[in-house]
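Breakdown of the fold
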Amino acid sequence: MKLPGHPHVRYRGADLVVDDCVVADLARRFGTPLYVYSRRAMLASLADYRRALAGRNHLLCYAMKANSNLAVLQVFAEAGCGFDIVSGGELERVLAVGVDPARIVFSGVGKTRSEMRRALDAGVLSFNVESDPELDVLSEVAAAAGKVARISLRINPDVDPQTHPYISTGLKANKFGIAHAHAVDTYRRAAALPGLRVVGIDCHIGSQITAVDPYLDAVDRLLDLVEAIESHGIAIEHVDIGGGLGITYANEEPPSAELLMKSVLGRLDARGHGQRKLVLEPGRSLVGNAGVLASEVLYLKPGDEKNFCIVDAAMNDMIRPTLYGAWMGIVECTRDAARPAFRADVVGPVCESGDWLGRDRELAVQPGDFVAVLSAGAYGMAAASNYNTRGRPAEVMVDGSDVWLIRERESTADQMRGEHLLPVR
Ligand SMILES: *Cc1c(COP(=O)(O)O)cnc(C)c1O
């Protein structure tokens, strides 16, 4: 049985499988909570983008903050992707898997001088600069190092992506980017600074976007600026439209990556910018539905007002539900028609009322059974914490029936490493 939006996660008889691997078997073998990712699913999502981009001047940069496990990075690096990074730590991760720095764009509103210095030494394709003062600091850092920083300005196009307010980033009220109205002036200032060379323009309007129109609006807003900036003699080599394409968590019907790309390329062509290099920064749409989070049911706790299904995964392992009120599918790893269904909030062991993974779900489970949170490949493990001194989950990658452990479960000793007691009094 297929699960909508999850071509690589399905039921084979009673068993939930990722590719050809039975999730309950993986849960028994590696313990829970356990993240399971399908390499095939990741590559299939990438292929979706590439079908439309073939033969076009482009660079697809995986926005690695969605899932930064080294093996996940390796999958995209081997497939020839570039990377969108947002910190010095992410830079070290991509360098560790041997990525060519000329395929890295560096985003983020708060780059530190040392992060800038390291990225300059590595030779990243572009710093996506988000403010006037950042331009000055970057120019200073580059000049002091005897280097020239290639830059793009992140424009806030002020378009509404029609998504959750916490994940809209291209509205005037957001902290991100440089206001469209000031962009030409800022480009002129940037072009005159000694340590900088203008190479591009970028935006990123939000996340979990399920319509094409906001992208086309953003492309138009960027191209208007490209034309204005170039009329001042400043060349723009690439146009970076960011990421943000949504996935199916419940019944969303986002456009396919192929359709989105065709529409964007069509707009570039229609405006006479077809030869310009297009840069993309997709995150969620490449990895989100490639992963599930498996968890063991600990207790069924009936209540007067509500029932609770207490599982061993919690908000520290998967924060999306409580952070954004996000709805994520939760399903039995083994379906058993003989089990009675129990309607309950699915919650974890963390001492917070906000520790929930799903509300009012029907699950036919008993303690000791496994459930899986679907669509957990993006912004799951990447945002996991140690709250309540919980070790972060293990992660496995599967491909067909092959399985590899790609991150060991974090031990308590791992967590305490680096902490120090006070001197004895
Ligand atoms: C988070 C982010 C992305 C990726 O967003 P998705 O919604 O995961 O595709 C791309 N670019 C920037 C600058 C980001 O901050």
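Residues numbered from 1 in each chain as written. Predicted model: local features only at pLDDT ≥ 70, side-chain atom pairs only at ≥ 80, totals over all residues. Heavy atoms only, no water.

1. Some details on the overall build of the chain
What counts, and what does not: The way it works is that DSSP assigns letters per residue, a run of H or I at least four long becomes a helix, a run of E at least two long becomes a strand, and they are numbered from the N terminus. Two things to know: the radius of gyration comes from C-alpha atoms, and the globule rule equals 2.2 Å times the number of residues to the power 0.38. Burial classification: accessible surface area is computed with a 1.4 Å probe over protein chains only, and a residue below 20% of its type maximum counts as buried, one above 50% as exposed, and the rest as partly exposed.
Scanning the chain from terminus to terminus reveals twelve helices and 22 strands. For 425 residues, the compact-globule estimate of 2.2 N^0.38 gives 22 Å, and the C-alpha radius of gyration of the chain, at 23 Å, lies within 12% of that figure. Along the longest, intermediate and shortest principal axes, the C-alpha atoms of the chain span 70 × 65 × 40 Å. Burial statistics for the chain: of 425 residues in total, 55% are counted as buried.

2. A few points about the UniProt feature "active site" (unreviewed entry) in the chain
Selection rule: UniProt positions are given in the numbering used here, feature names are shortened, and annotations may be inferred rather than shown by experiment. The criterion used for residue contact is that any of the two residues' heavy atoms lie within 4.5 Å.
Feature annotation in UniProt places "active site" (unreviewed entry) on Cys351, given in this structure's numbering. Mapping cysteine 351 onto the fold places it in the loop between β18 (342-347) and β19 (356-363). Every residue in contact with cysteine 351, bar those within four places of it in the chain, is listed here: Tyr387 and Asn388.

3. Examining the site of the ligand
Just so we agree on the cut-off: We define proximity as follows: a residue is near a molecule or strand when any one of its heavy atoms falls within 4 Å of that partner. Here a polar contact is recorded for every N or O atom pair within 3.5 Å, except that within protein the pair must consist of a potential hydrogen donor and a potential acceptor, and residues adjacent in sequence are included only if both atoms are side-chain atoms. Methods summary: accessible areas were calculated by the Shrake-Rupley approach with a probe of 1.4 Å, and residue burial reflects only the protein chains presented. In this count, Pro and Cys sit with the nonpolar residues alongside Ala, Val, Leu, Ile, Met, Phe, Trp and Tyr, while Asp, Glu, Lys and Arg are called charged and the others, Gly among them, polar.
Around the ligand, the structure places 14 residues, and the nearest of them are Lys65, Ser207, Glu281, Arg284 and Tyr379. A distance of 2.8 Å separates an oxygen atom of the ligand from a polar side-chain atom of lysine 65. Taken by itself the ligand offers 380 Å² of open surface, and the protein chains cover 93% of this. By residue class, the composition of the shell around the ligand is three nonpolar, six polar and five charged.

4. What about the environment of valine 97?
Structurally, the position occupied by valine 97 is in the loop between α4 (88-96) and β8 (104-106). Residues valine 97 and arginine 276, 179 residues apart in the sequence, show an inter-C-alpha distance of 29 Å. Beyond its immediate chain neighbours, meaning those up to four positions away, valine 97 contacts Leu70, Leu73 and Gln74.

5. Thoughts on the pairing of strand β10 (residues 149-156)
So the rule is basically this: A pair of strands is labelled paired if DSSP reports no fewer than 2 bridges between them. Crossovers are marked right-handed if the path from the first strand over the helix to the second runs clockwise, as seen with the strands pointing away from the viewer.
Burial analysis of β10 places seven of its eight residues in the buried class, which makes it a mostly covered element. Two strands pair when backbone bridges link them, and strand β9 (residues 126-129) and β10 are joined in this way by three bridges, in the parallel orientation. The residue of β10 that forms the bridge with asparagine 128 is serine 152. Each parallel crossover has a hand, and the one from β9 via helix α6 (residues 132-144) to β10 is right-handed. Looking at chain direction, β10 and strand β11 (residues 178-179) are connected through two bridges and run parallel. In the strand pairing of β11, asparagine 156 is matched with alanine 179.

6. Details of helix α1 (residues 23-30)
Note that an α-helix has 3.6 residues per turn; residues three or four places apart therefore point the same way. In plain terms, the rule: To be clear, the arc concerns the directions from the helix axis to the C-beta atoms.
When α1 is considered as a whole, its buried residues turn out to be Val23, Ala24, Leu26, Ala27 and Phe30. One side of α1 holds all its buried residues, which, seen down the axis, span an arc of 160°. Those residues of α1 that are exposed and angled more than 90 degrees off the buried face are Arg28 and Arg29. A positive backbone phi angle near 85° is found at glycine 31, which sits one or two residues after α1.

7. Some thoughts on the packing of helix α7 (residues 183-192) against helix α8 (residues 213-230)
Each pair of packed helices gets described by two things: the angle between the helix axes and the distance between those axes. For clarity, the threshold we go by: For helices, the axis comes from a line fit to the C-alpha atoms of the stretch in contact; other axes are also lines fit to C-alpha atoms, and the angle between any two N-to-C directions lies between 0 and 180 degrees. Convention used here: angles under 35 degrees read as roughly parallel, angles over 145 as roughly antiparallel, angles from 65 to 115 as roughly perpendicular, and any remaining angle as oblique. Handedness of each helix crossing follows the sense of rotation of the near helix against the far helix: counterclockwise by less than a right angle gives left-handed, clockwise gives right-handed.
Orientation of α7 relative to α8, taken along the N-to-C sense of each, is 45°, at an axis distance of 10 Å. Here α7 is positioned oblique relative to α8, judged by the angle of their axes. As for the relative orientation of α7 and α8, their crossing is right-handed in sense. Every residue of α8 that contacts α7 at Ala183, Val184 and Tyr187 is listed here: Leu225, Ala228 and Ile229. For the contact of α7 with α8, the class distribution of residues is six nonpolar, no polar and no charged.

8. Examining the packing of aromatic side chains
The following threshold applies: Centres within 6.5 Å make a pair out of two Phe, Tyr or Trp rings, where for Trp the six-membered ring is used; the pair is then stacked when the planes are under 30 degrees apart, edge-to-face when over 60, and tilted otherwise. Geometrically, a charge over a ring is one whose NZ (Lys) or CZ (Arg) sits within 6 Å of the ring centre while staying within 35 degrees of the ring normal.
For the structure on display, the rule yields four aromatic pairs. When the ring of tyrosine 35 is compared with that of tyrosine 37, the centres are 6.0 Å apart and the planes differ by 25°; the resulting orientation is stacked. The rings of Tyr62, Phe76 and Phe83 are connected pair by pair, giving a single aromatic cluster. Here the guanidinium or amino end of lysine 111 rests over the ring plane of phenylalanine 106, the centre of that ring lying 5.5 Å away. Cation over ring: arginine 335 sits above tyrosine 11, and NZ or CZ is 3.9 Å from the ring centre.

9. Remarks on the nonpolar core
Applicable threshold: The nonpolar core is taken to be a set of buried Ala, Val, Leu, Ile, Met, Phe, Trp, Tyr and Cys residues, with the residues joined through side-chain atoms within 4.5 Å. Residue ranges assigned to the domains are those given by an automatic or database domain assignment.
Among the nonpolar cores identified, the biggest contains 103 residues, and Tyr62, Phe76, Phe127, Ile151 and Ile201 are the most heavily contacted of them. Here the element with the most residues in this core is α8; it accounts for nine residues. There are two domains that each give this core at least three residues, and those are domain 1 (2-38 + 288-416) and domain 2 (107-282). The residues touching isoleucine 151, leaving out its near neighbours within four places in the chain, are Ser126, Phe127, Val129, Leu135, Leu138, Ala190, Leu196, Arg197, Val198, Val199 and Gly200. In terms of nonpolar packing, the next biggest core, distinct from the first, is built from 25 residues, Val9, Cys21, Ala294 and Val398 among them.

10. Considerations on the side chain of aspartate 84
Using the following cut-off: When charges are tallied, Lys and Arg are placed among the positive residues and Asp and Glu among the negative ones, while His and the ends of the chain are skipped. For this document, the term salt bridge refers to a Lys or Arg side-chain nitrogen within 4 Å of an Asp or Glu carboxyl oxygen.
By the secondary structure assignment, aspartate 84 is in strand β7 (residues 82-85). In this structure aspartate 84 is buried but unpaired, with lysine 65 as the nearest side chain of opposite charge at 5.5 Å. Side-chain polar atoms of aspartate 84 contact the side chain of serine 107, separated by 2.7 Å. When neighbours within four sequence positions are excluded, aspartate 84 is seen to be in contact with Cys61, Tyr62, Ala63, Met64, Glu90, Val105, Ser107 and Glu281.

11. Digging into the environment of serine 411
Note that serine 411 resides in the loop between β22 (402-407) and α12 (412-416). Under the relative-accessibility criterion, serine 411 is labelled partly exposed at 30%. Residues serine 411 and glycine 391, 20 residues apart in the sequence, show an inter-C-alpha distance of 5.7 Å.

12. Things to note about the packing of helix α2 (residues 39-53) against helix α3 (residues 70-78)
Close contact between α2 and α3 brings their axes to 11 Å; oriented N to C, the two are set at 40°. With respect to each other, α2 and α3 are oriented oblique. For the pair α2 and α3, the crossing hand works out as right-handed. Across the interface between the two elements, Arg39, Met42, Leu43 and Leu46 from α2 touch Val72, Val75 and Phe76 from α3.

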